[in-house]
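# Observations on chain architecture
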Amino acid sequence: MECHETLMRAVNLTFKGEGDDLYQNRLFSYLQKQLHVPIKEMKQIRKKVYKVRAEGLDFILKGFSSYYQFVLQKNVLTSLKREGFQKAYSFYSLEKEPPLLFEQTYYGCLEWIETSKNEFTFYKQLDRINGLKLLSHFHATNEKLVDQYAGSISNFNQVGRWQERTISFLNNLPIIGYFVPKEIINEMLRWADWSLKGIDKELGVFENGKKVILHGDVAHHNFLRAKNKDIYLIDFDLISIGTPRSDYLQYANRILPFLHWSFQDLAKYKELAIYMNEKGFIYALAFPTDLFREWNRAIREQTYLQPAKIQQLLEITVGQFHERHNFIKELKRFIAMENGLSW
């Protein structure tokens, strides 16, 4: 997460010779030998992501799971820039003998974008609007690249991903049940069931129509406000090919808590409004993907035992329950009207 807040919390590289610091020491030495530019300092931003200060240049050093993923992202970002999408970082070629391979991790050198102290946030209406505009620009630019990368980037399976997420959530119920009332858990499962059954009837909505390269993770921290006030899109680890609806659906889910789960307010965003007359999109809005994702992650990483984390989980699950319950009622009312039924 290459953002100002995270950077401010980053710790200067120190040479203690143990644990993560030992790894960083070795990585620092490796880079000194492998890069064209002498490096002076490294700060860890998150796991295998560092800000590096070199002579006359600051850049991000990012680890990739495979050489294939590194090359794919570099090629896609280069293609995007060539087609006119400039609101993303560039890859630098600083290696003497590419690729950079250190202890089974491939590293790439990315452009450092100086950030504004006024961070991008979904709390602000203007940021929500500008984030959607940037996402729309991203889709419009990369649509012409789909054929070029069709054999390299996987197709996004919306329903498959949610089915897997649901199974994981069900397997985690023995733990979740300690924290969340049974009535709320059952209601969440009813939302998921209604959503998935509805999408199954309208499956073409996520399979037909124009295809784009999806970003796949349109969380607030992947929109970065630069020092010059421009908004940039970052972190392309989850790119796939699909209809724009999947990115917009995720964006809607991310901003709804800041709209107090208001169907009417969500429909005011023009990039979303064009999809909110589609029954498939409405069914999909009901799926509690954020709740399933966050509980599954907390249990997988065992962070649910941390007081701050469980408080956050209970806020989105129990604290927002009534607003969300009313939102689902609005979705069901819309579907009933579309089907010519009384509500």
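Residues numbered from 1 in each chain as written. Predicted model: local features only at pLDDT ≥ 70, side-chain atom pairs only at ≥ 80, totals over all residues. Heavy atoms only, no water.

This brings us to the overall build of the protein. Within the protein, the secondary structure is distributed over 15 helices and eleven strands. Taking 2.2 N^0.38 as the reference for a compact globule, 343 residues should give roughly 20 Å; the C-alpha atoms of the protein span a radius of gyration of 22 Å, in line with that estimate. With the C-alpha coordinates aligned to their principal axes, the bounding extent of the protein is approximately 70 × 45 × 35 Å. When burial is assessed residue by residue, the protein has 51% of its 343 residues classed as buried. Within the structure as shown, the protein displays about 16800 Å² of accessible surface, and the carbon and sulfur contribution to it stands at 50%. (Helix = DSSP H or I, 4+ residues; strand = E, 2+ residues; numbered from the N terminus. Rg over C-alpha atoms; globule rule 2.2 N^0.38 Å. Buried < 20%, exposed > 50% of the residue type's maximum accessible area, 1.4 Å probe, protein only. Areas by Shrake-Rupley, 256 points an atom, 1.4 Å probe, with all protein chains shown as cover.)

Glancing now at the layout of surface pockets. As a volume, the second largest pocket reaches approximately 370 Å³. In this structure, the second largest pocket is lined by 16 residues; those nearest its centre are Arg46, Lys62, Asp235, Asp237 and Leu238. Those elements that provide at least two residues to the lining of the second largest pocket are strand S4 (57-64) and helix H3 (67-83). The element that contributes the greatest number of residues to the lining of the second largest pocket is S4, accounting for three residues. (1 Å grid on protein atoms, 1.4 Å probe; cavity = no way out; pocket = protein on both sides within 12 Å on 5 of 7 lines; lining within 4 Å. Points joined across faces, edges and corners; volume = space filled by probe spheres on them.)

A separate point is the side chain of Thr243. Here Thr243 shows up in the loop between strand S11 (240-242) and helix H9 (245-255). Look at Thr243 and you get buried, because its relative accessible area is 1%. In contact with Thr243, other than residues within four places in its own chain, are Val205, Phe206, Glu207, Asn208, Lys210, Lys211, Val212 and Leu214. (Contact = heavy atoms within 4.5 Å.)

What follows concerns the pairing of S4. Of all the eight residues making up S4, six are buried; the element is thus mostly covered by neighbouring parts of the structure. Looking at chain direction, strand S3 (residues 49-54) and S4 are connected through six bridges and run antiparallel. Bridged to Ala54 within S4 is Leu57. The antiparallel hairpin formed by S3 and S4 contains two residues in its connecting segment, where Gly56 sits at a positive phi of about 75 degrees. In this structure, S4 lies alongside strand S7 (residues 105-111), joined through six bridges in antiparallel fashion. When the bridges of S7 are listed, Gly63 appears paired with Tyr107. (Pairing = 2+ DSSP bridges.)

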